[in-house]
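# Structural overview
Here is what each chain is made of, one letter per residue.
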Amino acid sequence: MDFGLIGERLGHSYSPEIHRRLRGYAYQLCPMAPTELPAFFARRDFRGINVTIPYKQAVIPWCDALSETARRVGAVNTIVHRADDSLYGDNTDPAGFAFLLREAGIGLAGKRVLILGNGGASLTVQLVAADLGAKSATVADFNLDVNYSNLYERCPGAQVIVNATPVGMYPLGEDCPVEPERFPRLEAVADLIYNPLRTRFLQKAERLGLKTADGLSMLVAQAAASAELFTGAPCGENDITRVLSELRRDLENWVLIGMPGCGKTTVGRFLAQKSGRPFVDLDLEIEKYAGRPGREILVTQGEAAFRALESQVAARFGAKTGQVIATGGGTVLRHENVEALRQNGRLLWIKRAARFLATSGRPLSVDLESLERARQSFYEAAADMQIAHDEDWEMLFMKAWEVFRHEN
Ligand code: NAP
């Protein structure tokens, strides 16, 4: 093997794709049990490896030399097999976290920083906070002085919060580590989680108008720093921003919202075909899930039962990536659905005047003008972007395509 990643359980990792896009080399995932480490290092059959949970400290004894950063963090995430057969251990996570802050315009100098979690990633954040001149960096964890039962009282002046716990990570994306609105001086939050792209924690902070940063930029930036160590060739900010925007474009869901009959499904099918993305019609998914037509569910079980099914389906598809999703007209009435769809997606509102809306086969499409008045504010609050449907379908297709291409 030339390059790759070792860890205990690697599951689905973005790293091979990131390294391929950065420098084109193959990158192998090597999950291994702790008992396999001695033989792996005895063979030394690699040019460079990354190291992840739970081996970032365990690999230190096999390194012949450590960088200053690895020594300061007390952990290694990159090992280079040098020409003289020695192993050099470094840690590129601090460079990754520093990039995350720069990209989001979050400064730590003179700020009171609250760090959630006391594991490996927290050590990285603590180091960078000290290097960037934070006024204070308080770590909160279950067994620490500052913990989840007292952190609102103990840290009322927190200006930047960093989530370095797995709380909010797929598949438990609905969890949120703390409530940002309870910190009156809060200016910015960073979440090291990158799946989903927009955790509930980040979404709450966005609604408060705070600066936010997700963990994908750190992931790509630490990989770029490793790629530089592996190959000896510079891999700088231009490479990071290119790969980051490619990844975001590929991962983000394109979500269509709007009144029933406004054209979400037709536009969605067009976008899916043009982009090669899978198309998901949430109304059809509800029918598949329930095993009966939506109309029948509405008539026999009522709207509340239909909406409950809709929330389950929105949660399921919102957690996936790279799709085009057409929602039902009422999907955004529930805030939990908007959060589920926004975790990996951008929401485009197709605005079409009530008199032009299609009504055939739609049991809730009666008195569309009142319905539109009642729902307007929900679409407005949920939408990241909007376009008008003024009866020219070709134009609508092109506008929707441009909006999503431009957004990414
Ligand atoms: P770790 O060493 O296992 O530490 C996790 C920390 O979170 C520990 O302090 C743990 O507390 C705490 N924690 C676990 N479950 C919790 C819960 N339910 N509520 C509150 N606290 C909880 O993991 P790590 O390597 O530091 O990684 C932490 C997070 O950062 C992960 O989500 C990881 O994916 C992310 N990360 C991202 C990047 C990136 O490039 N974006 C890089 C590294 C890590 P206890 O020890 O007390 O259980």
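Residues numbered from 1 in each chain as written. Predicted model: local features only at pLDDT ≥ 70, side-chain atom pairs only at ≥ 80, totals over all residues. Heavy atoms only, no water.

Here the structure, examined in full by the defined rule, presents 15 aromatic pairs. Measuring from centroid to centroid gives 6.2 Å for F41 and F46, while their planes differ by 90°, and the two rings are edge-to-face. As far as the burial class goes, F41 and F46 line up, both buried. For the pair F41 and W62, a centre-to-centre distance of 4.9 Å together with 10° between the ring planes defines the contact as stacked. Of the two residues, F41 is situated in helix 2 (residues 37-43) and W62 in the loop between strand 3 (48-51) and strand 4 (65-66); the sequence distance between them amounts to 21 residues. Take W62: its relative accessible area is 28%, and that puts it in the partly exposed class. Across the ring face of Y88, the terminal group of R82 is positioned such that the distance to the ring centre comes to 4.1 Å. Lying over the aromatic face of W349, K351 brings its terminal NZ or CZ to 4.7 Å of the ring centre. (Phe/Tyr/Trp six-rings, centres within 6.5 Å; stacked < 30°, edge-to-face > 60°. Buried < 20%, exposed > 50% of the residue type's maximum accessible area, 1.4 Å probe, protein only. Helix = DSSP H or I, 4+ residues; strand = E, 2+ residues; numbered from the N terminus. Lys NZ or Arg CZ within 6 Å of the ring centre and 35° of its normal.)

In the vicinity of the ligand lie 20 residues, with N118, A121, D141, L192 and G215 positioned nearest. Between the ligand and the protein, one listed contact pairs an oxygen atom with a backbone N or O atom of G119 at 3.4 Å. A distance of 2.9 Å separates a nitrogen atom of the ligand from a polar backbone atom of L192. Coverage of the ligand by the protein chains reaches 70% of its 910 Å² of free accessible surface. Looking at the shell around the ligand, the elements with two or more residues in it are helix 5 (120-131) and helix 8 (216-231). For the shell around the ligand, the residue count by class is 13 nonpolar, six polar and one charged. (Near = heavy atom within 4 Å. Polar contact = N/O pair within 3.5 Å; in protein donor to acceptor, adjacent residues only side chain to side chain. Areas by Shrake-Rupley, 256 points an atom, 1.4 Å probe, with all protein chains shown as cover. Nonpolar A, V, L, I, M, F, W, Y, C, P; charged D, E, K, R; others polar.)

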